[in-house]
Amino acid sequence: MAAAAVGVLGLLWSWLWSERFWLPQNVSWADLEGPGDGYGYPRARHTLSAFPLAVVVFSVRLLFERFIAKPCALNVGIDDSGPCHVKPNAILEKVFLSVTKYPDEKRLKGLSKQLDWDVRKIQCWFRHRRNQDKPPTLTKFCESMWRFTFYLCIFCYGIRFLWLSPWFWDTRQCWHSYPYQPLSRELYHYYIMELAFYWSLMFSQFIDIKRKDFLIMFVHHLATIGLITFSYINNMVRVGTLVMCLHDSSDFFLEAAKLANYAKYQRLCDSLFVIFSVVFMVTRLGIYPFWILNTTLFESWEMIGPYPSWWLFNGLLLILQVLHVIWSYLIARIAFKALIRGKVSKDDRSDVESSSEEDETPCTKNLSGSNSSNGATWVNGHMGGNHWAEE
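Within every chain, residues take consecutive numbers counted from 1 along the sequence as written. Where totals are concerned, whole chains, interfaces and linings use all residues; where local detail is concerned, this predicted model gives features only for residues with pLDDT of at least 70, and gives and counts side-chain atom pairs only at 80 or more. To obtain the side-chain values, all non-hydrogen atoms of the structure were included, while hydrogens and water were left out.

1. A short note on the overall build of the protein chain
Here is step 1 of the chain: Within the protein chain, the regular secondary structure consists of 15 helices and 2 strands.
Here is step 2 of the chain: When a residue's accessible area, from a 1.4 Å probe over protein chains only, is under 20% of the maximum for its type it is buried; when over 50% it is exposed; and in between it is partly exposed. Taking all 391 residues of the protein chain together, the buried fraction comes to 48%.
Here is step 3 of the chain: By definition, residues are in contact when any of their heavy atoms lie within 4.5 Å. Partitioning the intrachain contacts of the protein chain with sequence separation of at least 6 by distance along the chain shows that 79% fall at a separation of at least 24.
Here is step 4 of the chain: In short, Shrake-Rupley with a 1.4 Å probe defines the accessible areas, and a residue's cover is counted only from the protein chains shown. Within the structure as shown, the protein chain displays about 20000 Å² of accessible surface, and the carbon and sulfur contribution to it stands at 65%. Secondary structure elements follow DSSP: runs of H or I of four or more residues count as helices, runs of E of two or more count as strands, with numbering from the N terminus.

This is the structure:
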């Protein structure tokens, strides 16, 4: 029985690491065992070093949020007390938990008669009750500041490294002498650090603020880890560095917009989101397909020819491009509403309502001049940037 199990595991292992899948024709794993230069050739075992590094990254994050991000948040006026608790009401609580968190006009009028409360007071109760279950803005600010800092630092490191790399200026260099392309120290550190960061996100998302897009982000992190690991094992690291740097180029603008939103610097938030939108679309709809996909699909076909892992790698990159188109559409729709209409309807808001200005509006404020009938909200003459910053 044990011998049979060992045999099955051996077959599975040989299938998983089949040279005919991972490597071009006439290339074997033994050919890549040589030292090469610098850190040698990429090996699958190298990726294991990302796990202890991910623990280090997470530990640094905790220290960063505690001793750097939190003082910054308090310095810009973010309250550390969290949302206030509403006065308990059994009838409204039952409706909130069992029926709806967003009562319509008909239900509001019915509750108004039942409780002898003003409709505005009931609306205010539901707004504060929703906020009561939300994570504090301070926590969200600290998370975003950590991501902003990492994305900005890793992008600066990546662009500095790639600026001196020949394949940054001539993408055909990504395939010259492939797969006999030894690692350099900078390339190794860049790859493993990116992999460690996404592993830290993979684990930390179970203790971070829970959002409605939890499953989507889980799949996103898993796919990112898969692509980074896959490209490292079959030594497509040169083009992999281009992909990583390209994607990092817009992420820190989005996190910066969130920071401005949480700090209630609305004009800065608007401006940063517009910059993020432009950079995102230029890089994901312009540079990515005409620069990255051009070299992975056509230049690599010409220089090394297709093989099984080549097909899979390009398939994943094409799926990523489909996601770019979908995300660009959503970003463009939000930006259009922000810049042209200047408002966004309640139905278009994120279900999470993270840092929602409408829900945080004090009950005593007269909203008749600032709220439309469908719940649209204005902030300092601008659309509430919190909506699209969170999306």
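2. What to know about the nonpolar core
Here is step 1 of the chain: With 67 residues, the main nonpolar core has F197 and M236 as its most contacted residues.
Here is step 2 of the chain: When residues of this core are traced back to their parent elements, those giving at least two are α3 (50-75), α7 (137-163), α8 (166-169), α9 (185-204), α10 (214-233), α11 (237-262), α12 (266-303) and α13 (308-341).
Here is step 3 of the chain: Among the elements that make up this core, the one with the highest residue count is α9 (12 residues).
Here is step 4 of the chain: Among residues more than four places away in sequence, those in contact with F197 are V57, W146, F150 and Y151.
Here is step 5 of the chain: Think of a nonpolar core as a cluster: buried Ala, Val, Leu, Ile, Met, Phe, Trp, Tyr and Cys residues, connected wherever their side-chain atoms sit within 4.5 Å. Counting 10 residues, the second largest nonpolar core, distinct from the first, contains V86, L92, V95 and W125.

3. Some thoughts on the environment of Y41
Here is step 1 of the chain: Tracing the backbone shows Y41 in the loop between α2 (19-22) and α3.
Here is step 2 of the chain: Overall, Y41 belongs to the buried group, its relative accessible area being 14%.
Here is step 3 of the chain: Placed 192 residues apart in sequence, Y41 and I233 show a C-alpha to C-alpha distance of 9.4 Å.

4. Side note on the pattern of salt bridges
Here is step 1 of the chain: Salt bridges, as used here, are contacts in which a Lys or Arg side-chain nitrogen is within 4 Å of a carboxyl oxygen on Asp or Glu. If you walk through the whole model with that rule in mind, you get 8 salt bridges.
Here is step 2 of the chain: Among the ionic pairs, E65 bridges to R61, the shortest N-O distance being 2.8 Å. In this pair, E65 and R61 are both assigned in helix α3, 4 residues apart and thus about one turn of the helix distant. The residues E65 and R61 share a single accessibility class, namely buried.
Here is step 3 of the chain: Among the ionic pairs, E255 bridges to K258, the shortest N-O distance being 3.8 Å. Here E255 and its partner K258 are both found in helix α11, 3 residues apart, which amounts to about one turn of the helix. As far as burial versus exposure is concerned, E255 and K258 are alike and both buried.

5. Digging into the confidence of the model for the protein chain
Here is step 1 of the chain: Residues with a pLDDT of 70 or more make up 80% of the protein chain, whose mean pLDDT is 81.
Here is step 2 of the chain: Every residue gets a pLDDT, meaning the predictor's confidence in that residue, from 0 to 100. The weakest mean pLDDT in the protein chain belongs to strand β1 (residues 378-379) at 31; the strongest belongs to α8 at 96.
Here is step 3 of the chain: A low-confidence stretch, residues 343-391 stays under pLDDT 50, and its non-local contacts, those more than four residues away or across chains, total 114 contacts.

6. Topic: the packing of aromatic side chains
Here is step 1 of the chain: The criterion for an aromatic pair is that two Phe, Tyr or Trp rings (for Trp, the six-membered ring) have centres within 6.5 Å, with stacked assigned to planes under 30 degrees apart, edge-to-face to planes over 60 apart and tilted to the rest. Scanning all chains against the criterion turns up 33 aromatic pairs.
Here is step 2 of the chain: Ring geometry for Y41 against Y180: centres 6.4 Å apart, planes inclined by 70 degrees, an arrangement best described as edge-to-face. Residue Y41 is found in the loop between α2 and α3, and its partner Y180 is found in the loop between α8 and α9; the two are separated by 139 residues along the sequence.
Here is step 3 of the chain: You can call Y180 partly exposed: its relative accessible area is 34%.
Here is step 4 of the chain: By way of ring pairs, the aromatic residues W17, F21, W22, W29, F230 and F313 are connected into one cluster.
Here is step 5 of the chain: For a ring to carry a charge above it, either NZ of a lysine or CZ of an arginine must fall within 6 Å of the ring centroid while also lying within 35 degrees of the normal to the ring plane. The ring of F67 has R66 sitting right over it, with the charged end atom 5.3 Å from the ring centre.
Here is step 6 of the chain: Across from the ring centre of W117, 4.3 Å away, lies the NZ or CZ of K121, which sits over that ring.

7. Side note on a nonpolar patch on the surface
Here is step 1 of the chain: Here, patches come from residues exposed beyond 30% relative accessible area and free of salt bridges, joined within 9 Å for like charges and within 5 Å for nonpolar side chains (Val, Leu, Ile, Met, Phe, Trp, Tyr). Taken together, the side chains of I319, V322, L323, I326, Y329 and L330 define a hydrophobic patch exposed on the protein surface, amounting to about 530 Å² of accessible area.
Here is step 2 of the chain: The topology assignment puts I319 in helix α13.

8. Points about helix α4 (residues 90-98)
The periodicity of an α-helix, 3.6 residues per turn, causes residues three or four positions apart to be oriented the same way.
Here is step 1 of the chain: Within the span of α4, buried status applies to L92, V95 and F96. One side of α4 holds all its buried residues, which, seen down the axis, span an arc of 100 degrees. Of the exposed residues in α4, the ones pointing more than 90 degrees away from its buried face are A90, K94, L97 and S98.
Here is step 2 of the chain: Where α4 is buried, its residues touch α5 (105-115) and α6 (119-132).
Here is step 3 of the chain: Polar contacts, as used here, are pairs of N or O atoms within 3.5 Å; protein pairs need one atom able to donate a hydrogen and one able to accept it. Residues neighboring in sequence count only if both atoms are side-chain atoms. Regarding α4, its N-cap is N89, as a side-chain oxygen of that residue lies 3.2 Å from the backbone nitrogen of I91 further along. Taken from the helix axis, the directions to the C-beta atoms give the arc we talk about.

9. Remarks on unusual backbone geometry
Here is step 1 of the chain: Note that the residue after Y178, namely P179, is joined by a cis bond; omega there is 0 degrees.
Here is step 2 of the chain: By the secondary structure assignment, P179 is in the loop between α8 and α9.
Here is step 3 of the chain: Phi angles above zero are rare outside glycine, and D116 is one such case at about 60 degrees.
Here is step 4 of the chain: The topology assignment puts D116 in the loop between α5 and α6.
Here is step 5 of the chain: With phi around 60 degrees, N235 is a residue other than glycine that occupies positive phi space.

10. Section: the packing of α3 against α7
Here is step 1 of the chain: Whenever a helix is involved, its axis is fitted only over the stretch in contact; in every case the axis is a line through C-alpha atoms, and angles between N-to-C directions fall within 0 to 180 degrees. Packing of α3 against α7 brings their axes to within 9 Å, and their N-to-C directions diverge by 120 degrees. It follows that α3 is oblique to α7 by the angle criterion. Taken as a pair, α3 and α7 cross one another with a handedness that is right-handed. Residue-level inspection shows V57, V60, R61, F64, E65, I68, A69, K70, C72 and A73 of α3 in contact with α7, the latter providing L138, F141, C142, E143, M145, W146 and T149.
Here is step 2 of the chain: For the contact of α3 with α7, the class distribution of residues is 12 nonpolar, 1 polar and 4 charged. Any angle between 65 and 115 degrees counts as roughly perpendicular, while under 35 counts as roughly parallel, over 145 as roughly antiparallel, and the rest as oblique. By convention the crossing between two helices is left-handed if the near helix lies anticlockwise of the far one by an angle smaller than a right angle, and right-handed if it lies clockwise. Three classes are used, and their members are as follows: Ala, Val, Leu, Ile, Met, Phe, Trp, Tyr, Cys and Pro are nonpolar, Asp, Glu, Lys and Arg are charged, and the others, Gly among them, are polar.

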